[in-house]
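Chain by chain, the residues:
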Amino acid sequence: MNLSVTLGRMTLKNPVVLASGTCGYGREIAPYLDLNTLGAITVKGLSLFPWEGNPPPRLFEVRAGLLNSIGLENKGVERFLQEDLPFLEALDTRVFVNIWGKTVEEYVAVARKLDAIERIDALELNVSCPNVEKGGASFLLDPEALRELVGRVREATGKFLIVKLGPKLQDWEVTVRILEEEGAEALSVTNSFPAMVVDVERMDFVFAMKSAGLSGPAIKPLALKMVYDLVGMTELPIIGMGGIMTAEDALEFLLVGARAVGVGTANLVAPSSAVDILEGIKAYLLRKDMENIEDLIGRVR
Amino acid sequence: MSFARICRKERFGERFVCFELEERDIASQARPGQFVMVRPGFRVFDPLLPRPFAVLSANDDRFSLLFEVVGKGTELLSYLEVGDVVEVLGPLGRGFSLDARFGILLAGGRGLVPLVFLAREFEKRGILFSFFLGVRKRKDLALLRLLEDLPRVLWSCEEAVSGGFCGTVLDLVGKCLERALWQGAKIYACGPEGMLRELATVFPGKEEDIEVALEARMGCGFGVCLGCAIPRRGGGYWHVCSDGPVFRLSEVVL
Ligand SMILES: Cc1cc2nc3c(=O)[nH]c(=O)nc-3n(C[C@H](O)[C@H](O)[C@H](O)COP(=O)(O)OP(=O)(O)OC[C@H]3O[C@@H](n4cnc5c(N)ncnc54)[C@H](O)[C@@H]3O)c2cc1C
Ligand SMILES: Cc1cc2nc3c(=O)[nH]c(=O)nc-3n(C[C@H](O)[C@H](O)[C@H](O)COP(=O)(O)O)c2cc1C
Ligand code: FES
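Being a predicted model, the structure only gives us computed values, none of them experimental.

So, how was this worked out
- Residues numbered from 1 in each chain as written.
- Chains lettered and ligands numbered in written order.
- Predicted model: local features only at pLDDT ≥ 70, side-chain atom pairs only at ≥ 80, totals over all residues.
- Heavy atoms only, no water.
- Near = heavy atom within 4 Å.
- Polar contact = N/O pair within 3.5 Å; in protein donor to acceptor, adjacent residues only side chain to side chain.
- Areas by Shrake-Rupley, 256 points an atom, 1.4 Å probe, with all protein chains shown as cover.
- 1 Å grid on protein atoms, 1.4 Å probe; cavity = no way out; pocket = protein on both sides within 12 Å on 5 of 7 lines; lining within 4 Å.
- Sits in = over half its atoms within 2 Å of the grid points.
- Helix = DSSP H or I, 4+ residues; strand = E, 2+ residues; numbered from the N terminus.
- Pairing = 2+ DSSP bridges.
- Axes fitted to C-alpha atoms, helices over the stretch in contact; angles between N-to-C directions.
- Parallel < 35°, antiparallel > 145°, perpendicular 65-115°, else oblique.
- Left-handed = near helix turned anticlockwise from the far one by under 90°.
- Contact = heavy atoms within 4.5 Å.
- Nonpolar A, V, L, I, M, F, W, Y, C, P; charged D, E, K, R; others polar.
- Salt bridge = Lys/Arg side-chain N within 4 Å of Asp/Glu carboxyl O.
- Buried < 20%, exposed > 50% of the residue type's maximum accessible area, 1.4 Å probe, protein only.
- Points joined across faces, edges and corners; volume = space filled by probe spheres on them.
- Buried area = accessible area lost by both parts, 1.4 Å probe.

Chemist: Would you mind showing me how to read the site of ligand 1 here?
Modeler: Residues and elements named next belong to chain B. Surveying the vicinity of ligand 1 reveals 21 residues, the closest of which are Pro 52, Glu 68, Gly 73, Thr 74 and Arg 217. Ala 216 is positioned such that a nitrogen or oxygen atom in its backbone is 3.0 Å from a nitrogen atom of ligand 1. Expressed as a share of its isolated accessible area of 880 Å², the protein-covered part of ligand 1 is 77%. Counting atoms within 2 Å of the grid points, the majority share of ligand 1 lands in the largest pocket. Secondary structure elements with two or more residues in the shell around ligand 1: strand S4 (51-54), strand S6 (62-68) and helix H2 (72-78). The element that contributes the greatest number of residues to the shell around ligand 1 is S4, accounting for 4 residues.

Chemist: Can you walk me through the sheet that holds strand S5 (residues 57-59) of chain B in this structure?
Modeler: The strands making up a sheet are joined through hydrogen bonds of the backbone, oriented either antiparallel or parallel. Residues and elements named next belong to chain B. The sheet built from 7 strands is open, its strands ordered S4-S3-S7-S1-S2-S6-S5 with antiparallel pairing. Among the strands making up the open sheet, the edge pair consists of S4 and S5. For this sheet, the mean angle separating the axes of adjacent strands, direction not counted, is 35°. By the bridge criterion, 4 bridges tie strand S3 (residues 35-39) to S4 in an arrangement that is antiparallel. In the strand pairing of S4, Val 38 is matched with Arg 51.

Chemist: Quick question: what am I supposed to make of the packing of helix H8 (residues 247-255) of chain A against helix H10 (residues 273-287) of chain A here?
Modeler: Angle between the axes and distance between the axes: these two values describe a pair of packed helices. Residues and elements named next belong to chain A. Between H8 and H10, the shortest axis-to-axis distance is 8 Å and the interhelical angle comes to 65°. One way to sum up the angle between H8 and H10 is to call them roughly perpendicular. By crossing handedness, the relation of H8 to H10 is classed as right-handed. Facing Ala 247, Ala 250, Leu 251, Leu 254 and Leu 255 of H8, the residues of H10 in contact are Ile 277, Gly 280, Ile 281 and Tyr 284. Per-class residue counts for the contact of H8 with H10 are 8 nonpolar, 1 polar and no charged.

Chemist: Looking at this structure, how should I read the pattern of salt bridges?
Modeler: In a structure, side chains of opposite charge can pair up when their charged atoms sit close to one another. Residue and element names in this part refer to chain B. On inspection of all chains with the given rule, the structure shows 55 salt bridges over all chains. A salt bridge links Glu 20 to Arg 62; its shortest N-O distance comes to 3.3 Å. You can see Glu 20 sitting in strand S2 (residues 16-22) and its partner Arg 62 sitting in strand S6, a full 42 residues away along the chain. The class of Glu 20 is buried, set by a relative accessible area of 18%. Here the salt bridges share partners, and the residues they tie into one network are Arg 5, Arg 8, Glu 10, Glu 20, Glu 22, Arg 62 and Arg 145.

Chemist: Teacher, can you tell me more about the layout of surface pockets here?
Modeler: Empty space among the atoms becomes apparent when a probe as large as a water molecule is rolled across them. One number sums up the size of the largest pocket: a volume of about 1200 Å³. Lining the largest pocket are 36 residues; nearest its centre among them are Arg 51, Pro 52, Val 70, Arg 110 and Glu 215 of chain B. For the lining of the largest pocket, the secondary-structure elements that each account for two or more residues are strand S5 (59-62) of chain A together with S4, S6, H2 and helix H3 (112-125) of chain B. Class assignment for the residues of the lining of the largest pocket results in 22 nonpolar, 6 polar and 8 charged. Here the second largest pocket is characterised by a volume of approximately 1000 Å³. Residue lining of the second largest pocket: 46 residues in total, with Arg 110, Gly 191, Pro 192, Glu 193 and Glu 215 of chain B positioned closest to the centre. Sorting the residues of the lining of the second largest pocket by element identifies strand S12 (198-199) of chain A together with strand S9 (128-135), helix H4 (169-176), helix H6 (193-202) and strand S14 (229-231) of chain B as the ones contributing at least two each. A per-element tally of the lining of the second largest pocket places H6 of chain B first, with 4 residues. Partitioning the lining of the second largest pocket into residue classes produces 23 nonpolar, 9 polar and 14 charged.

Chemist: How should empty space enclosed by the protein be read in this particular structure?
Modeler: Scanning the model with the defined rule gives 2 cavities of 30 Å³ or more in all. One number sums up the size of the largest cavity: a volume of about 490 Å³. Along its surface, the largest cavity is lined by 35 residues, and Ser 20, Thr 22, Asn 68, Asn 191 and Ser 192 of chain A are the ones closest to its centre. Counting only elements with at least two residues in the lining of the largest cavity, the list comes to strand S4 (40-46), strand S6 (65-68) and helix H9 (265-269) of chain A. Residue contributions to the lining of the largest cavity peak at 3 residues, all from H9 of chain A. Its residues placed into classes, the lining of the largest cavity shows 14 nonpolar, 19 polar and 2 charged. When its volume is computed, the second largest cavity comes out at roughly 30 Å³. Contributing to the lining of the second largest cavity are Phe 19, Leu 21, Val 38, Phe 53, Leu 65, Phe 67, Leu 77 and Val 86 of chain B. The residue makeup of the lining of the second largest cavity, split by class, is 8 nonpolar, no polar and no charged.

Chemist: Please explain the site of ligand 2 as it appears in this structure.
Modeler: Around ligand 2 sit 24 residues in total, of which Ser 20, Lys 164, Gly 216, Gly 243 and Thr 265 of chain A are the nearest. More than one chain reaches ligand 2: its neighbouring residues belong to chains A and B. In the environment of ligand 2, an oxygen atom lies 2.8 Å from a nitrogen or oxygen atom belonging to the side chain of Asn 98 of chain A. A distance of 3.2 Å separates an oxygen atom of ligand 2 from a polar atom in the backbone of Gly 264 of chain A. Considering ligand 2 on its own, with 600 Å² of exposed area, one finds that the protein chains cover 98% of that surface. A molecule is said to occupy a pocket when more than half its atoms come within 2 Å of that pocket's grid points, and by this definition ligand 2 occupies the largest cavity. Looking at the shell around ligand 2, its residues break down into 6 nonpolar, 16 polar and 2 charged.

Chemist: I would appreciate a short explanation of the interface of chain B and chain A in the present structure.
Modeler: Interface size is commonly expressed as the accessible surface area that is lost when the partners come together. Taken together, the contacts link 30 residues of chain B with 35 residues of chain A. By the criterion of area lost to chain A, the three top residues of chain B are Leu 48, Phe 222 and Tyr 237 of chain B, representing 25% of everything that side buries. Across the contact surface, chain B and chain A share 1 salt bridge. Notably, a salt bridge pairs Arg 51 of chain B with Glu 61 of chain A, separated by 2.7 Å at the nearest N-O pair. Counting across the chain B and chain A interface gives 7 residue pairs in polar contact (both at pLDDT 80 or more). Looking at which element gives the most residues to the side of chain B that touches chain A, the answer is S14 of chain B, with 3 residues. Of the residues that constitute the side of chain B that touches chain A, the class distribution is 18 nonpolar, 6 polar and 6 charged.

See below:
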């Protein structure tokens, strides 16, 4: 059985990827699953300097969904390189590093530092975090800012460049053309959805930032539609994600044309989820008498 | 995660349920103050996240939990019966230090769970201690069954009970523990946030020697989501699941 997939010039041994922010920097989740069995791991969003993140509460569960307002807490790129890179270097899987900044300059500086590290296979530019005031999703709202950001990061690194998108109201065509023109090589679709909860007893918002990012089963059909639409709009390979909890969920994304799938919230629900999903995909291929996972991708259009 | 069969179920009062679970790894490794994440069933995605619970006791191939029914997740768990299987992850987190010469254990409501485990460990090690339990409702006094064979147990209830002390556990401590008695002791506490906040006032100058087991809303329980942040003394945040759940009072802002 051939499970390997290509994303442009990048090959993954299988399409299952751990999504950023739900597997730490790798070491934390490693006791619970064999990372080497997966296609790639995407580490928590890194910035140039350590970032404290948002005040608690940071999580709230709704029906079949999770709102988070972590606010991109991270240890900063330097400490990551010192403390976590050695662990990642010993892995036999692709290492993607998710990055963010408050300004274009910060993104560029992080990209430069990571560009020098051979072990890192790809950079994933987070332009869609709903939980920070600056940076994050604001780049998706302003086409010219997005163009500058992606173009400048492209100049700063020769690494495989993924751009992580989130839901937005603007015209996708415009965004996608900019990303293609500026040298993005793949898209991660999607980040969590901007969402809100109110505490009726306290008559106030649950989260200090008022809104937060919704992930988990509740967003799966929405994310699937986004992936489907984007597959129809661009040749850029897409890593589909949003509410993937089971192999069936992952297969839906592959069938509509995603070339890989990201597992996020499911890692919190059970840390071995990604491996279970991969096993389920294998069982499905076997049952359907399919030799090659590529034969599955984009079958349902 | 692994599967654990419920091999005993017991109710305490109206709101508390105790499960004894069969799972050798957790049973043999758990230390007082550590916790486990529990899901009511495989492939159940609503409730979505597993719920954290402190370990009440552990020996050989079984460990037990005691939980208060407060919402959707705990209600669903309370419907499970002997023979049913839950998914568990653990033991997780950093437990209590066990280096006391004399311990004062202060429990508010369900906060007694990790402290009962600690008390048993102290007994094994020959460390002397006193156990104070405070409950809100008369019916919650059913929890005293867990403390039956322990020496030096004192309790209080916020509802009037004949022959009992009426008030919170800290009111009780204020009444019967003089400074000389707690000065050389190590204090271990678990309970509602308001109670833990008051500790600094009840035991002035003692913050270094007070260990508190904290609760926070958790996502993963093993350090990947950063959802369980609480303010750290001196700025920034701790993560309750991986830095705690046991902290020195002097390390945190409550
Ligand atoms: C390390 C740790 C150990 C714990 N040990 C125990 C234990 O031994 N026994 C026990 O009964 N409970 C314990 N808890 C608390 C327990 O995890 C929560 O009560 C449970 O998750 C609630 O789930 P639910 O779905 O029933 O409630 P939900 O529907 O999620 O919430 C019900 C209510 O409880 C509040 N709530 C939910 N989670 C928490 C939380 N973590 N802290 C404070 N308030 C919360 C909500 O605001 C809401 O008002 C522990 C928590 C932690 C973090
Ligand atoms: C707790 C948490 C933290 C996250 N942190 C990041 C992050 O740092 N960078 C990022 O691009 N996405 C982050 N995400 C988004 C996920 O990677 C994923 O895109 C999203 O949650 C949808 O997938 P899911 O439903 O499978 O979780 C985070 C999500 C969660 C739940
Ligand atoms: S609960 Fe996920 S990091 Fe603590």
